[in-house]
Amino acid sequence: MYNNSMNETKETIKILKEKSRSFRNSINKIIKAGYTLKTQTEFKMFDDVDSGVTIIKDNGEVAMEWTPKGFETTLIFADNEDREIRIDINLISKTDLYKLKADELGTSQMALIVIQTEKMNLDFMKIDTQLVEYSKGWDSFDRTSLRDLDKQIEELSHF
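Residues numbered from 1 in each chain as written. Predicted model: local features only at pLDDT ≥ 70, side-chain atom pairs only at ≥ 80, totals over all residues. Heavy atoms only, no water.

K.L.:
Any details on helix H2 (residues 21-32)? Residues and values, ideally.
P.N.:
Relative to the 16 Å expected for 12 residues at 1.5 Å per residue, H2 spans 16 Å between its end C-alpha atoms, a close match to the ideal helical length. Along H2, the residues classified as buried are Phe 23, Ser 26, Ile 27 and Ile 30. One side of H2 holds all its buried residues, which, seen down the axis, span an arc of 95°. Seen from the buried face of H2, the exposed residues on the opposite side, beyond 90 degrees, are Arg 21 and Lys 32. (Helix = DSSP H or I, 4+ residues; strand = E, 2+ residues; numbered from the N terminus. Expected span 1.5 Å × (residues − 1). Buried < 20%, exposed > 50% of the residue type's maximum accessible area, 1.4 Å probe, protein only. Arc of directions from axis to C-beta.)

K.L.:
Please set out the nonpolar core residue by residue, giving values where relevant.
P.N.:
Of all hydrophobic cores here, the largest spans 24 residues; its most connected members are Ile 30, Leu 75, Phe 77, Ile 85, Ile 87 and Tyr 134. Contributions of two or more residues to this core are made by helix H1 (6-19), H2, strand S5 (69-78), strand S6 (83-93), strand S7 (125-136) and helix H4 (149-156). With four residues, S6 is the single largest residue contributor to this core. If sequence neighbours within four positions are ignored, Ile 30 has contacts with Tyr 35, Phe 77, Ile 85, Ile 87, Leu 149 and Ile 153. Of all hydrophobic cores here, the second largest spans seven residues; its members include Met 64, Trp 66, Ile 113 and Val 114. (Core = buried A, V, L, I, M, F, W, Y, C linked by side-chain atoms within 4.5 Å. Contact = heavy atoms within 4.5 Å.)

K.L.:
I'd love a proper account of unusual backbone geometry, names of residues and values included.
P.N.:
Glycine aside, negative phi is the norm for most residues, and most peptide bonds take the trans geometry. The backbone phi angle of Asp 82 is positive, close to 65°, even though this residue is not glycine. Here Asp 82 lies in the loop between S5 and S6. A relative accessible area of 60% places Asp 82 in the exposed class. You will see that Asp 148, though not glycine, has its phi angle at about 55°, which is positive. Structurally, Asp 148 can be placed in the loop between strand S8 (139-143) and H4. You can call Asp 148 partly exposed: its relative accessible area is 47%.

K.L.:
Please give an account of the confidence of the model for the chain that cites residues and values.
P.N.:
Scored by pLDDT, the chain has a mean of 83; 89% of the residues are at 70 or more. Looking over the chain, one finds the lowest element-wise mean pLDDT in H1, namely 69, and the highest in H2, namely 94. The model gives residues 1-7 a pLDDT under 50, and that stretch makes 16 contacts with residues more than four places away or in other chains. (pLDDT = per-residue confidence, 0-100.)

K.L.:
I'd like a rundown of the layout of surface pockets, residues and numbers included.
P.N.:
Counted as a void, the largest pocket has a volume near 250 Å³. Around the largest pocket, the lining is made up of 13 residues, and of these Ser 22, Phe 23, Ser 26, Leu 146 and Arg 147 lie nearest the centre. Secondary-structure elements contributing two or more residues to the lining of the largest pocket are H2 and S7. For the lining of the largest pocket, the element with the highest residue contribution is H2, accounting for five residues. For the lining of the largest pocket, the per-class residue count stands at four nonpolar, six polar and three charged. (1 Å grid on protein atoms, 1.4 Å probe; cavity = no way out; pocket = protein on both sides within 12 Å on 5 of 7 lines; lining within 4 Å. Points joined across faces, edges and corners; volume = space filled by probe spheres on them. Nonpolar A, V, L, I, M, F, W, Y, C, P; charged D, E, K, R; others polar.)

Right under this line is the structure:
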């Protein structure tokens, strides 16, 4: 579903923008600053090992183990002076898995989350910005969020 054709790229960005108003506002700021979408990688499923959970019963027996799936992609925007903004994004489970209890309800909730995240059901996922890189040629600087985007774009304009 997510290949590099321009129509599919627009659809993916539309999905991401619909998922988060903050993300949508950031993309709109980038475009308003004169950048256009240059590249987008396909969404790729990965094991979100940082969010893995083991539910243990009172007797110490493992009730359920799960490493949630996430989806990663990279967007690269460029302006007419070869400056680029690269955004590495993950879609990950928005459920705080550590709060699930080691009972029947917790196990069934986790099973539902497993199914829904593997199907990429956006109602169960959130956007997690991993890296934002601002660059021109060999000069670059990185951030871990889109916070202070206006300031970062202004700094990049001096490259």
